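Architecture at a glance
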Amino acid sequence: MQDILGELESRRAQARMGGGQKRIDIQHSKGKLTARERIELLLDVDSFEEYDMFVTHRCAEFGMDKIKMAGDGVVTGWGTINGRMLYVYSQDFTVFGGSLSETHAKKICKIMEMAMKNGAPVIGINDSGGARIQEGVASLGGYADVFQENILASGVVPQISMIMGPCAGGAVYSPAITDFIFMVRDSSYMFVTGPDVVKTVTNEIVTAEELGGATTHTVKSSVADGAFENDVEALAALRRFFDFLPLNNREKPPTRPFFSDASQIDYSLDTIIPDNPNKPYDMSEVIRKIADEGDFFELQEAYARNILIGFIRIEGSTVGVVANQPMVLAGVLDINASRKAARFVRFCDCFNIPILTLVDVPGFLPGTSQEYGGVIKHGAKLLFAYGEATVPKVTLITRKAYGGAYDVMAPKHLRGDVNYAWPTAEIAVMGAKGAIEILYRSELNDPEKIASRTKSYEDRFQNPFVAAERGYIDDVITPNSSRKRISRALASLAGKQLENPWKKHDNIPL
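Everything in this summary refers to the structure shown in the same document. (Residues numbered from 1 in each chain as written. Predicted model: local features only at pLDDT ≥ 70, side-chain atom pairs only at ≥ 80, totals over all residues. Heavy atoms only, no water.)

Some remarks on the pairing of strand β15 (residues 418-421)
Our working rule: Only protein chains enter the accessibility calculation, which uses a 1.4 Å probe; a residue is then buried when its area is under 20% of its type maximum, exposed when over 50%, and partly exposed in between. Here a helix means four or more residues in a row that DSSP labels H or I, a strand means two or more in a row labelled E, and each is numbered from the N terminus. A pair of strands is labelled paired if DSSP reports no fewer than 2 bridges between them. Throughout, right-handed denotes a crossover for which the path from the first strand over the helix to the second runs clockwise when the strands point away from the viewer.
Here β15 shows a buried face lined by Val418 and Tyr420 and a second buried face lined by Asn419 and Ala421. Note: strand β14 (residues 393-402) against β15, 4 bridges, orientation parallel. Bridge pairing in β15 places Ile397 opposite Ala421. What joins β14 to β15 is helix α15 (residues 403-408), and the crossover it makes is right-handed.

Given below as structure tokens:
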């Protein structure tokens, strides 16, 4: 018996070494952790239960039958983060460059199927050279199998992708289907075709970092939701992020202890709106004053900065936040902002996370580039996302809510549950200047009349009371009471039940 136990331990020790010490040292020299070190940092101590440690590939071509390594380039299993269960896979770059084979894919699919059955999130740590060329079409089939599991799991359990090395070719589409993607600066990249192919086909000379690095995907493409300086920082942030999410689509988000007084009055909010309506202010400051302990986990911070998205907690419970940012482009909505916010709203609705919308929007960004780029359909994505959402929706208009942009930002008309406005709110078809130029075009040569008309328009329409008179605004509240009123509104909606008409699925304007 001791011999058998000894052999078992020997096999396990060999599997834990992956591609061997030399390759582990190379991985470390690049500033990267190994697959197992990443899992160890991500999960609670001693919580990881590994599956398929001894699986090897089945390929006999190109001499592969003579080179077999336990685990086949991916570590899979389940564990906990702060006591809450999740499934995880971590590709091992020290074994065949983390390349995906038929059995490698089967290991990933196996834990994804278990995650759906048991109602637990999936975190994938990607560090792979791509499809294993020696296996040919079998490896391509493996990718498609993984994609199919990603699709079936979408909206059932949260899926998070950590890109902690190369992720190229077909490999990029699994993360693309998942709910969130995070990257590591200077050591991770994603692209469909690499720099060499790009040079051959288009004669463009570009580095891997320029083509698909963390900066590219967080600033330009919006493929990634965030980037971190190194593996350790990324995994620590992921542990924090995981705490905001429910385990599956049948559960509510977790509740955490909170120390901020839910009924606190913050008089600094009374002066945050400038007297000059064209002067910006920082909406993230408003968010932090509403949130428990001022904690705001912002997503896609560097992309479409005219809108803010992310998670906060109010009285210990997770709330998704969508907010116009007057500091950037006056908070206007455009193609990128609409896409960014729409996907986030849909995620929150998938997983029973209430949505708080903070509105200060002067309209949609005008111009040929926006119209040619399809701002009509992209703006409709956000409209559609809010309109189909059945989770609790609380909206607060802080200043401008003009034109079609008012209709898009979770108004009462899109089944907003509780809609508040500050006294500084301006809810109208458009600003006074534009309205007067249309209504009184014949008087434009008379500055005194125009000034009088403008003043009358501002007094009558550029306030929240016309909307409140019609019931479109539930109450005009003092800014200092915002946290208290929003907290009470969300508490009143805790038992909300709303179902959309039966359908196979909707047809959002993609």
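Let's talk about the packing of helix α3 (residues 35-42) against helix α10 (residues 231-242)
Inclusion rule: Think of each axis as a best-fit line through the C-alpha atoms, taken over the contacting stretch in the case of a helix, with angles from 0 to 180 degrees between the N-to-C directions. Orientation is classified from the angle alone, with under 35 degrees giving roughly parallel, over 145 giving roughly antiparallel, 65 to 115 giving roughly perpendicular, and any other angle giving oblique. Take the far helix as the reference: if the near one is turned anticlockwise from it by less than a right angle, the crossing is left-handed, and if turned clockwise, right-handed. Contacts were defined at the residue level, with two residues in contact if any of their heavy atoms lie within 4.5 Å.
As a packed pair, α3 and α10 sit with axes 9 Å apart at the nearest point and diverge in direction by 40°. If you check the angle between α3 and α10, you find them oblique. Classified by chirality, the crossing of α10 by α3 is right-handed. Along its contact with α3, which presents Arg38, Leu41 and Leu42, the element α10 presents Asp231, Val232, Leu235, Leu238 and Arg239.

With respect to the nonpolar core
What counts is decided by this rule: Only buried residues count toward a nonpolar core. Its members are Ala, Val, Leu, Ile, Met, Phe, Trp, Tyr and Cys residues joined through side-chain atoms within 4.5 Å.
Core analysis: the largest hydrophobic core is formed by 65 residues, its most contacted members being Ile123, Phe182, Phe241 and Phe311. With 28 residues, the next largest nonpolar core counts Phe296, Val394, Leu396 and Ile477 among its residues.

Digging into the sheet that holds strand β5 (residues 159-163)
What the 7 strands build is an open sheet, ordered β1-β2-β3-β4-β5-β7-β9; its pairing is mixed. Each edge of the open sheet is held by one strand with a lone partner, namely β1 (49-51) and β9 (226-228). Neighbouring strand axes in the sheet, compared pairwise and without regard to direction, differ in orientation by 20° on average. Where strand β3 (residues 84-91) and strand β4 (residues 122-126) come together, 4 bridges link them in parallel fashion.

Regarding the pattern of salt bridges
Short version of the rule: We define a salt bridge as a contact between a side-chain nitrogen of Lys or Arg and a carboxyl oxygen of Asp or Glu at a distance within 4 Å.
Considering all chains together, one arrives at 21 salt bridges under this definition. Salt-bridge contacts for Asp44 lead to Arg239; the nearest nitrogen and oxygen are separated by 3.1 Å. Of this pair, Asp44 sits in the loop between α3 and β1 while Arg239 is found in helix α10, placing the two residues 195 residues apart along the sequence. Just as Asp44 is buried, Arg239 falls in that class too. Close ionic contact of Asp506 with Arg346 constitutes a salt bridge, the shortest N to O distance being 4.0 Å. Residue Asp506 is found in the segment after α19 (482-492), and its partner Arg346 is found in helix α12 (residues 335-350); the two are separated by 160 residues along the sequence. If you follow the salt bridges from partner to partner, you end up with Lys32, Arg38, Asp127 and Asp231 in one network.

In short, shape yes, function no, at least from these values alone.
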